Amino acid sequence: MKRGTLTHAIILGTFCFGFGLVLAITDRLTHQAIGARALEDRQNSLSQVLPGNLHNNNPAEDTIIVKDEEGQEITIYRALQSGSITGVAYEIRSLGYAGEVKLMLGVDVNGKVLGVRVLSHKETPGLGDRIETKKGNWILQFTGLSIGEPPIEKWKVKKDGGQFDQFSGATITPRGVVGAIRTGLEFFSTHKAEILRMR
Amino acid sequence: MMATSYNRIVKDGLWDNNGVFSMLLGMCPTMAMTTSATNGLGMGLATAVVMAASNLLVALFRKYITQEVRIPVYILIVAAMVTLVDLVMNAWMHELYKVLGLFIPLIVSNCLPLARLEAFAAKEPVLPALVDGISMGIGFTLALTVIGSVREIAGSGTLFADASLLLGPAFTFMEMRVLPENMGVLMMILPPGGFLATGLLVVVKRMIDVRSGKGIQMAGAHSVG
């Protein structure tokens, strides 16, 4: 039985419409829950770089936007203790071996690192992924450091004459992460007034 | 084929016509997601859900899907099911989604679901099609878990690491260390290891078939997807 082009078009169109409708309804039903989960995830990563005893607000919901040198808008999550800022956190990015590495950096008001955690990366399993807390303690060594402690020229991996260990078999990932933290801290010191200004 | 034997369908899906080891379909997710047994298991389960759902739908609508537009309709159905699973898991099974989320969109690039729609679901009633989707899905899951286990043991020296993240804390007992630390051959969890492990396991499966007197099962469709 041969049917005309129009029939096929109608059949295909009906299927597209039907499944489009199903997906639209599912999106409507899940939209709120997905938003809530994303917020929880953010709070989770923030709580690791902004210690709980530093604030009594919810930093995930207390944000300001600061533009960096390249005009990129950076969302700053602020930790407040009875009305005054005790620390801030923001996302930093570095170029790893296999694409972008996203990290969350927490800094106190004096520019000291409160904590750094990897949010996402695509580094080689077994080599570059030791930047995760799950796979090693490497990322924890930055806590308490700042520009000047160690001096800026030491904010490099050992291979480049700095003070931070690279991994055996993987230099590019740690080099990128160290560089991103250094840039992140420099961003804090150049924009300190803006970041810490109260509304 | 009218007198459908469910036994036959299940056996085909799990062993005789196994999607990975016999038909060599779905090579893209197979290579990409078998860096550990847990990853393989997760990818397999997500694929099985999509395969069961899309087999069911195509069998249900098979009288309305004309020959000329069947391929776009199949792709539409698989893609819709994948998006549905993605949204629902993100909303209501978020812990699982954090582990599996990465793999789910990859199911669209798997040509095994599409192959089963064309070869089976389009011609059979709803129930056999559903059984076929589930068996093929479980066969795919088993294959990926086995490849993942081989690669994980050889590459990282562990087996089922992080299984508790996927299946819940009750499954912590599955996580074990087979080889001492730093004994693994890193290449096995890198892409070449995927080809090596899959190739060797295909040989093993065919040897078992030959030994058991079945002869080598030649599948109809050979392609990579």
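Residues numbered from 1 in each chain as written. Chains lettered and ligands numbered in written order. Predicted model: local features only at pLDDT ≥ 70, side-chain atom pairs only at ≥ 80, totals over all residues. Heavy atoms only, no water.

Considering the overall build of chain A
Note the following rule: Secondary structure elements follow DSSP: runs of H or I no shorter than four residues count as helices, runs of E no shorter than two count as strands, and numbering proceeds from the N terminus. For a compact globule the rule gives 2.2 Å times the number of residues to the power 0.38, and the radius of gyration it is set against comes from C-alpha atoms. Burial classes: relative accessible area under 20% of the type maximum marks a residue as buried, over 50% as exposed, and values in between as partly exposed (1.4 Å probe, protein chains only). Contacts: residue pairs with any heavy atoms within 4.5 Å of one another. The method behind every accessible area is Shrake-Rupley, applied with a 1.4 Å probe, and residues are considered shielded solely by the protein chains displayed. In this count, Lys and Arg are taken as positive residues and Asp and Glu as negative ones, while His and the chain termini are left out. For the purpose of locating charges, the reference atoms are NZ of Lys, CZ of Arg, CG of Asp and CD of Glu.
In terms of helices and strands, chain A carries three helices and five strands. What you see in chain A, going N to C, is helices and strands ordered as α-β-β-β-β-β-α-α. Taken over C-alpha atoms, the radius of gyration comes to 23 Å for chain A, far larger than the 16 Å a tight globule of 199 residues would show. Along the first, second and third principal axes, the C-alpha atoms of chain A reach 80 × 45 × 30 Å. Residues counted as buried form 41% of the 199 residues belonging to chain A. Pairs at least 24 residues apart make up 47% of the contacts formed inside chain A by residues separated by at least 6 positions. For chain A, the exposed area adds up to about 10700 Å²; of that, 54% sits on carbon and sulfur atoms. When the 24 positive and 21 negative side-chain charges of chain A are each reduced to one mean point, those points stand 5 Å apart.

Section: the pattern of salt bridges
The cut-off we apply is this: We count a salt bridge whenever a side-chain nitrogen from Lys or Arg sits within 4 Å of a carboxyl oxygen from Asp or Glu.
All told, the structure shown has twelve salt bridges over all chains when counted by the stated rule. Across the salt bridge formed by B:E118 and B:R70, the nearest N and O atoms sit 2.9 Å from each other. A residue pair is termed long-range when its members are at least 10 positions apart, and B:E118 in helix α6 (residues 111–121) and B:R70 in helix α4 (residues 70–92) qualify at 48 residues. Take B:E118: its relative accessible area is 29%, and that puts it in the partly exposed class. The salt bridge partner of B:R116 is B:D132, with a shortest N-O separation of 3.0 Å. Remark: B:D132 occurs in helix α7 (residues 126–155) and B:R116 occurs in helix α6; sequence separation between them is 16 residues. In this structure, B:R116 and B:D132 share a single accessibility class: buried. Among the charged side chains, a salt-bridge network with shared partners connects A:E91, A:R93 and A:E100.

Quick word on the interface of chain A and chain B
Test applied: We define buried area as the total accessible area lost by two parts upon association, computed with a 1.4 Å probe and summed across both. Under this definition, polar contacts are N or O atom pairs within 3.5 Å; protein pairs additionally need one hydrogen-donor-capable and one acceptor-capable atom, and for neighbouring residues in sequence, both atoms have to be side-chain atoms.
Taken together, the contact between chain A and chain B spans 23 residues of the former and 27 residues of the latter. Both faces considered, chain A and chain B share a buried interface measuring about 2100 Å² in area, 79% of it formed by carbon and sulfur atoms. The interface formed by chain A and chain B includes zero salt bridges. For the interface between chain A and chain B, the tally reads four residue pairs in polar contact (both at pLDDT 80 or more).

Things to note about α7(B)
An α-helix turns once every 3.6 residues. As a result, residues three or four positions apart point the same way. For the record, the criterion: A helix is expected to span 1.5 Å multiplied by its residue count minus one.
End to end, α7(B) covers 42 Å across 30 residues, agreeing with the expected 44 Å (1.5 Å per residue, within 8%). Positive phi appears at B:G157, one or two residues downstream of α7(B), with a value of about 80°.

Re the sheet that holds strand β1 (residues 63–67) of chain A
Residue and element names in this part refer to chain A. Formally: Strand pairing is defined by DSSP finding a minimum of two bridges between the two strands. Axis definition: a line fit to C-alpha positions, over the contact stretch in the case of helices; interaxial angles, taken between N-to-C directions, run 0 to 180 degrees.
Read from one edge of the open sheet, five strands run β1-β2-β3-β4-β5, paired in antiparallel fashion. Of all strands in the sheet, those bounded by a partner on one side alone are β1 and β5 (113–120). Sheet twist, expressed as the average angle between the axes of neighbouring strands with direction ignored, equals 30°. Sheet strands in contact with helix α1 (residues 5–49) are β2 (73–81), β3 (84–95), β4 (100–108) and β5, and its direction is about 145° off that of β5. Here helix α2 (residues 172–190) sits on the sheet and contacts β1, β2, β3, β4 and β5; the angle it forms with β3, its principal contact strand, is near 140°.

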